[in-house]
Amino acid sequence: MRRLTLEDVIGYILVIGVATSLLIESAGLALYVADRGAIEIDLSDLEACARPRDFFAYIIDVTSSVLGNPNYASVMALGLVLLMLTPYIRVVASVVYFAFYRNYKYVVITLIVFAILTASLIVH
Amino acid sequence: MDVVTIVLTSAFAGFLGSLIGLGGGAIVIPILSILGVPLKQAIANSMITLIATSSGSASAYVRERLTNIKAAMYLEIFTVIGAIVGATITLLVPSKYLYFFFAAFLSSSFYGIGRKMLTSTPRDGIRQDKLSRWLELEGAYYDESLDKEVSYKIARAYLGGPAMMIAGLAAGMLGIGAGAFKVAIHELILKMPPKVSSATSNFIIGMTALAGSTVFIASGLVNVVLAGSIAVGATIGSLAGSRLLPKMSDKTIRMLFLAVLIYLILQMVYKGVTSS
């Protein structure tokens with residue numbers, strides 16, 4: 001069997017991440033229509049507007065809310081969280097891959113991208 | 001404005017976008033603003049969905065080895081910073097100016113047309129500078145139309161990085177991928193072959209979209225129902241578009257591209273002039 005390369009791993013991460021998040025978002029949309037009894041989008045609906053200061057704390061909030069008491073807002077938020085995590089995980093996978101092949105130059109370069117993204121997800 | 005309208009509109013935008021090679025964001029944002037979504041909200045909610053619309057083709061290109069991952073990682077340092085700064089600027093400036101920025105930036109997409117006339121094989125004899133060589137910016141891919149392996153070298157990384165920061169800035173400000181602008185930098189400055197340039201730009205768009213989204217989601221502009229509806233619609237639309245693409249003639253695509261682009265530019269200028 002052919003060796004699994006960075007290209008394969010990244011390709012799968014992108015497809016699986018996006019497909020899962022879109023499935024969850026579709027389920028969330030169905031819940032929204034069932035819950036509201038209407039298809040109107042209320043742009044001033046505060047429940048639908050996340051305002052996370054710390055994205056990682058938000059992930060935990062959203063996940064526990066979906067597991068405990070799922071409603072349209074938490075399910076759709078989970079879908080979006082997964083969507084945002086997809087490229088983020090792609091960077092983590094690249095760091096691991098370059099470290100495995102001891103290409104330290106690229107470990108540093110990918111870590112810089114990782115650090116900037118992480119900072120921007122936490123600090124506001 | 002309701003869920004069905006947003007899903008269908010985004011599907012149409014995604015479909016058209018993937019047919020004419022203009023990112024879904026550039027089409028869906030003006031349409032959302034015509035439907036009455038405030039511009040900043042349209043920008044913030046459509047930026048997240050770019051991760052979804054760009055990832056399908058990004059995944060395919062990566063597995064076909066068309067994407068230069070090392071070049072992408074290096075350039076992402078710059079686009080990610082640019083996108084975060086750009087999204088922050090958007091939160092601060094009045095919407096009126098953003099309409100004009102949008103119209104002006106859409107004009108960079110005209111590069112997409114001129115580009116078709118360029119050669120499709122990499123030029124030989126590219127001399128790499130020290131930084132590009134140190135970054136190991138080279139690669140090879142199998143070219144189906146030529147039926148052979150094409151190897152290439154990338155040059156002028158020292159200029160390409162800062163230029164990509166400007167691309168990231170514009171993307172973050174306007175909630176779009178800025179694909180045409182990125183492709184122009186890849187080809188004109190970095191000397192990437194066209195196929196590698198499209199694939200690598202597509203790959204970077206997902207990361208730029210994430211960077212801008214980190215700012216928008218914390219600002220409270222992202223409405224999960226609106227963003228979810230756009231994401232579901234736009235992704236289905238762009239998948240359908242990529243199926244139809246091989247069946248359309250280049251001339252039809254080019255005419256459609258021009259018509260859509262000019263219409264969107266005029267719409268945004270009109271919105272900018274009439275907004276208070």
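Residues numbered from 1 in each chain as written. Chains lettered and ligands numbered in written order. Predicted model: local features only at pLDDT ≥ 70, side-chain atom pairs only at ≥ 80, totals over all residues.

Trainee: Help me out: how do you make sense of the overall build of chain A in this one?
Mentor: The number of helices and strands found in chain A is 4 helices and 0 strands. In chain A, the succession of helices and strands from N to C terminus is α-α-α-α. Relative to the 2.2 N^0.38 estimate, which gives 14 Å for 124 residues, the radius of gyration of chain A is 18 Å and therefore markedly larger than a compact globule would have. Reported as C-alpha extents along the three principal axes, the dimensions of chain A are approximately 55 × 40 × 25 Å. For chain A, buried positions account for 40% of its 124 residues. (Helix = DSSP H or I, 4+ residues; strand = E, 2+ residues; numbered from the N terminus. Rg over C-alpha atoms; globule rule 2.2 N^0.38 Å. Buried ≥ 20, exposed ≤ 12 C-beta atoms within 10 Å, placed from the backbone.)

Trainee: Can you walk me through the nonpolar core in this structure?
Mentor: Counting 132 residues, the largest nonpolar core has B:I48, B:V222 and B:V224 as its most contacted members. Among the elements that make up this core, the one with the highest residue count is helix α3 (residues 72-100) of chain A (15 residues). Not counting chain neighbours up to four residues away, the residues in contact with B:I48 comprise A:L80, A:L83, A:M84, B:A209, B:S213, B:V222, B:A227 and B:A231. (Core = buried A, V, L, I, M, F, W, Y, C linked by C-beta atoms within 7 Å. Contact = placed C-beta atoms within 7 Å.)

Trainee: Explain helix α10 (residues 194-219) of chain B to me, please; I cannot follow it from the model alone.
Mentor: Given 3.6 residues per helical turn, the α-helix brings residues three or four places apart onto the same face. Under the 1.5 Å per step criterion, the end-to-end length of α10(B) is 37 Å for 26 residues, consistent within 8% with the ideal 38 Å. Just beyond α10(B), the residue with positive phi is B:G220, at close to 85°. (Expected span 1.5 Å × (residues − 1).)

Trainee: Hey, could you run me through unusual backbone geometry in this one?
Mentor: Among all residues save glycine, negative phi is the norm, and among peptide bonds the norm is trans. Residue and element names in this part refer to chain B. Backbone geometry places R65, a non-glycine residue, at a positive phi of 65°. With respect to the helices and strands, the residue R65 is situated in the loop between α3 (39-63) and α4 (69-92). We classify R65 as partly exposed; it has 17 C-beta atoms within 10 Å. A positive phi is found at R156, a non-glycine position, where the angle reads about 55°. Inspection of the secondary structure puts R156 in the loop between β2 (148-153) and α8 (157-174).

Trainee: Hey, could you run me through the pairing of β2(B) in this one?
Mentor: Walk down a regular strand and you will see the side chains alternate between the two sheet faces. All names here are of chain B. Across 6 bridges, the pairing between strand β1 (residues 138-143) and β2 is antiparallel. Paired with E138 across the bridge in β2 is K153. Taking the residues between adjacent antiparallel strands as the criterion, β1 and β2 are bridged by 4 residues, where D147 takes a positive phi near 55°. (Pairing = 2+ DSSP bridges.)

Trainee: Where do I start with the interface of chain B and chain A in this structure?
Mentor: Many structure descriptions define interface size as the accessible area lost when the parts assemble. With 46 residues of chain B at the interface, the matching set in chain A holds 48 residues. Contributing elements (two or more residues each) for the side of chain B that touches chain A: α1 (3-20), α3, α4, α10 and α11 (224-244) of chain B. Considering every element that reaches the side of chain B that touches chain A, the biggest residue donor is α3(B), with 10 residues. Of the residues contributing to the side of chain B that touches chain A, the split by class is 29 nonpolar, 12 polar and 5 charged. (Nonpolar A, V, L, I, M, F, W, Y, C, P; charged D, E, K, R; others polar.)

Trainee: It is not clear to me how the confidence of the model for chain B should be interpreted in this structure. Could you clarify?
Mentor: Where the model shows low pLDDT, its predicted coordinates should not be examined in detail. Per-chain confidence: chain B averages 86 in pLDDT, with 93% of residues scoring 70 or above. For chain B, the element scoring lowest by mean pLDDT is helix α6 (residues 111-115) of chain B, at 64; α4(B) scores highest, at 96. (pLDDT = per-residue confidence, 0-100.)

Trainee: Would you take a moment to explain the packing of helix α5 (residues 95-106) of chain B against helix α12 (residues 250-274) of chain B for this structure?
Mentor: Two quantities define a packed helix pair, namely the angle between the axes and the distance from one axis to the other. All names here are of chain B. It is at 8 Å that the axes of α5 and α12 come closest, and there the two elements cross at 160°. On the basis of the axis angle, α5 is roughly antiparallel to α12. Considering the relative orientation of α5 and α12, their crossing is left-handed. Contacts between α5 and α12 involve K96, Y99, F100, F102, A103 and L106 on the former and, on the latter, L261, L264, I265, M268, V269, K271 and G272. Counted by class, the contact of α5 with α12 contains 10 nonpolar, 1 polar and 2 charged residues. (Axes fitted to C-alpha atoms, helices over the stretch in contact; angles between N-to-C directions. Parallel < 35°, antiparallel > 145°, perpendicular 65-115°, else oblique. Left-handed = near helix turned anticlockwise from the far one by under 90°.)

Trainee: What is the right way to read α1(B) from this model?
Mentor: Residue and element names in this part refer to chain B. Along its 18 residues, α1 runs 26 Å from first to last C-alpha, staying within 8% of the 26 Å computed at 1.5 Å per residue. In terms of residue burial, α1 counts as a mostly covered element, since 14 of its 18 residues are buried. Of the residues trailing α1, G21 is marked for its positive phi of about 80°.

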